[in-house]
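Residues per chain, in single letters:
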Amino acid sequence: MIRFIVFIALFFAVLALSPLLLEEPGYVLISFGRSIFELTIYAAIFWLTAILLIVFLAYKLLHGGFKVSVKAWHKVAFAGRRRGIANFNKGLAAYMLEDYQSAEQLFAKSAEPAKRQQSAYLLAAASSAKQKLDAKTNHYLVLLEQETVKFDKTNLASLIVKIKLLMNQARTEAYEKSRALLDDNHQLIGHDSRLLSLEIDLCLVEKRYQQAVDHLVIARKDKTILDDKIQQWETTAFYGVFTDIIHQQDQSHLETYWHSIARKVKQRESILFAYCQVLAEQNITEPLTKLITPILKKQPNTRFLKQLRSLPIKQSEPLIAIVQKHLHSDAHNAKWLSCLGHLALMSEQWSMAVKAFRSLLKLEQNQQEKQYDQQDLKALAIALSETGQFQSANDVWLTIHDCSKR
């Protein structure tokens, strides 16, 4: 609208000035050095307009051409990087589709062009690890290390994955490299649960059980680590500590160490059974019976009784007496029948074991669900064999075999 008004104004101005200019066109003199140029007003306006138009067109052409040339140069210069990013994305897709061979090749190919060396080498190492190609995995980890040293700040995620890849190789050399990495970054272990978990796992592999126990104090306070995982660590770590003490020293030192543990810690089933396992293996009967008796007199849960049957207790008569008292009150209790059968088997009271397990199997007729498991059946088969009932034992073994196929 404004342009239209300006155009109308100019139009009427020209109409008003045209008669004057036609009667008296006027002249324009331009002096440049010794040269003098004489032009009419019409010629001056014409050449001024022409010059402005030429300057405007030249500006547009040069400006547009510069834009085109920069765009073309950018397209040519960054073509390799675009191809690298495309290969990196294809590698991610292949990795997700579990095509680890293609993923490894694509990640290795895209590392330099895509300018994503750390991520690409890390994923290439993970892909080769999935193929069980330890040599290639280590090659990519070396390339990753070369890229990592260029930065002052440690990439925690890359460090964690690198240690995991090394530990998954399950070789002495790989464990040594993992230990070196963890020791170099020991200040981070207490601040990151993932590194702490790797440290504990590696300590258990290295049989540094006491150090693992020390780390477990911190792990217990970390809410991100699952309790089941901590119990697994505690079982292995404390069993290793107890075994080392009994082998390297004697029973008195083992009992001293046990009493030095906090009461709250000793009450955890994982630690209690680790200690009981060592006592049973060393045939240290009296302390073992004293530990189990008060728990057995109460109403322990099914998990406790299932763990109890795995202990190689050779002199289990006091414990058998307690279980029999429970059965006097409830003769058809499946968990107590199973417990009695296993305790009798461990103390080589074969007939008692057979009787207990057969009573356990009869409960199935009155119950909708099975009250026994394969471990009960195996114990029954062993007891039957020891009493000379080989055909019955063979039938039980066949039952176990059929159950395992389902």
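Look a little higher up for the structure.
Described in the following lines is the structure provided in the data block. (Residues numbered from 1 in each chain as written. Predicted model: local features only at pLDDT ≥ 70, side-chain atom pairs only at ≥ 80, totals over all residues. Heavy atoms only, no water.)

Notes on the nonpolar core
In globular proteins that are soluble, nonpolar side chains generally tend to be buried together. Ranked by size, the top nonpolar core spans 99 residues in total, and within it Phe 238, Phe 242, Ile 292, Leu 296, Leu 308 and Ile 313 carry the most contacts. When near neighbours in sequence (up to four residues on either side) are disregarded, Phe 238 contacts Val 213, Tyr 257, Ile 261, Val 265, Ile 271 and Ala 274. (Core = buried A, V, L, I, M, F, W, Y, C linked by side-chain atoms within 4.5 Å. Buried < 20%, exposed > 50% of the residue type's maximum accessible area, 1.4 Å probe, protein only. Contact = heavy atoms within 4.5 Å.)

A word on unusual backbone geometry
Positive phi, close to 55 degrees, is recorded for Ala 170, a residue that is not glycine. Note that Ala 170 resides in the loop between helix H7 (156-168) and helix H8 (172-184). (Helix = DSSP H or I, 4+ residues; strand = E, 2+ residues; numbered from the N terminus.)

Looking at the packing of aromatic side chains
Tallied over the entire structure, the rule returns six aromatic pairs. With 6.0 Å between their ring centres and 75 degrees between their planes, Phe 242 and Tyr 257 make a pair best called edge-to-face. Of the two residues, Phe 242 sits in helix H12 (residues 227-248) while Tyr 257 sits in helix H13 (residues 251-260), which places them 15 residues apart along the sequence. On the basis of relative accessible area, Phe 242 is assigned to the buried category, the value being 0%. Grouping aromatic residues by their ring pairs yields a cluster made of Phe 238, Phe 242, Tyr 257, Trp 258 and Tyr 275. (Phe/Tyr/Trp six-rings, centres within 6.5 Å; stacked < 30°, edge-to-face > 60°.)

Some remarks on the environment of Val 396
Counting through the fold element by element, Val 396 comes out in helix H22 (residues 390-405). Distance in space between the C-alpha atoms of Val 396 and Gln 374 is 9.9 Å, their sequence separation being 22 residues. Once residues lying within four places of it in the same chain are set aside, the contact partners of Val 396 are Leu 377, Leu 380, Ala 381 and Leu 384.

Description of the environment of Leu 141
Take Leu 141: it is sitting in helix H6 (residues 134-148). Residue Leu 141 is classed as buried on the basis of its relative accessible area, which comes to 4%. In this structure the C-alpha to C-alpha distance between Leu 141 and Ile 163, which are 22 residues apart in sequence, comes to 9.9 Å. Residues within four places of Leu 141 in sequence aside, it is in contact with Ala 125, Lys 162, Leu 165 and Leu 166.

Overview of a positive patch on the surface
Residues Arg 82, Arg 83, Lys 90 and Lys 109 make up a contiguous surface patch of positive charge. When residues of the positive patch are assigned to their parent elements, the largest contribution, three residues, is made by helix H3 (residues 79-96). Assignment of secondary structure puts Lys 90 in helix H3. (Patch = residues over 30% accessible without salt bridge, like charges linked within 9 Å, V, L, I, M, F, W, Y side chains within 5 Å. Areas by Shrake-Rupley, 256 points an atom, 1.4 Å probe, with all protein chains shown as cover. Salt bridge = Lys/Arg side-chain N within 4 Å of Asp/Glu carboxyl O. Lys, Arg positive; Asp, Glu negative; His and termini not counted. Charge placed at Lys NZ, Arg CZ, Asp CG, Glu CD.)

Overview of the packing of H7 against helix H10 (residues 193-205)
Axis separation between H7 and H10 bottoms out at 10 Å; the angle between their running directions is 20 degrees. Relative to H10, the element H7 is oriented roughly parallel. Judged by the twist between their axes, the crossing of H7 over H10 is left-handed. Where H7 abuts H10, its residues Leu 156, Leu 159, Ile 160, Ile 163, Lys 164 and Met 167 lie against Arg 194, Leu 195, Leu 198, Asp 201 and Leu 202. Classifying every residue of the contact of H7 with H10 by side-chain character gives eight nonpolar, no polar and three charged. (Axes fitted to C-alpha atoms, helices over the stretch in contact; angles between N-to-C directions. Parallel < 35°, antiparallel > 145°, perpendicular 65-115°, else oblique. Left-handed = near helix turned anticlockwise from the far one by under 90°. Nonpolar A, V, L, I, M, F, W, Y, C, P; charged D, E, K, R; others polar.)

Describing empty space enclosed by the protein
Evaluation of the coordinates by the stated rule reveals one cavity of 30 Å³ or more. Roughly 40 Å³ of internal volume is contained in the largest cavity. Considering the residues around the largest cavity, the lining is formed by Leu 279, Ala 280, Asn 283, Ile 284, Thr 285, Leu 288, Pro 312, Ile 313, Lys 314 and Gln 315. Only helix H15 (269-281) and helix H16 (285-297) provide two or more residues apiece to the lining of the largest cavity. (1 Å grid on protein atoms, 1.4 Å probe; cavity = no way out; pocket = protein on both sides within 12 Å on 5 of 7 lines; lining within 4 Å. Points joined across faces, edges and corners; volume = space filled by probe spheres on them.)

Some words on the packing of H15 against H16
Where H15 contacts H16, the two axes come as close as 9 Å, and the packing angle between them is 140 degrees. The pairing of H15 with H16 is recorded here as oblique in orientation. In this structure, the crossing between H15 and H16 has a hand that is left-handed. Facing H15, whose interface residues are Leu 272, Tyr 275, Cys 276, Leu 279 and Ala 280, H16 presents Pro 287, Leu 288, Leu 291, Ile 292 and Ile 295. For the contact of H15 with H16, the class distribution of residues is ten nonpolar, no polar and no charged.

Side note on the pattern of salt bridges
Taken as a whole and judged by the stated rule, the model has 15 salt bridges. Here Glu 286 and Lys 290 are joined by a salt bridge, their closest N and O atoms 3.5 Å apart. Here the residue Glu 286 and the residue Lys 290 both occupy positions in helix H16, the gap between them amounting to four residues, near one helical turn. Look at Lys 290 and you get exposed, because its relative accessible area is 58%. It is possible to trace a salt-bridge network through shared partners that takes in Arg 179, Asp 183, Glu 199, Glu 206 and Arg 208.

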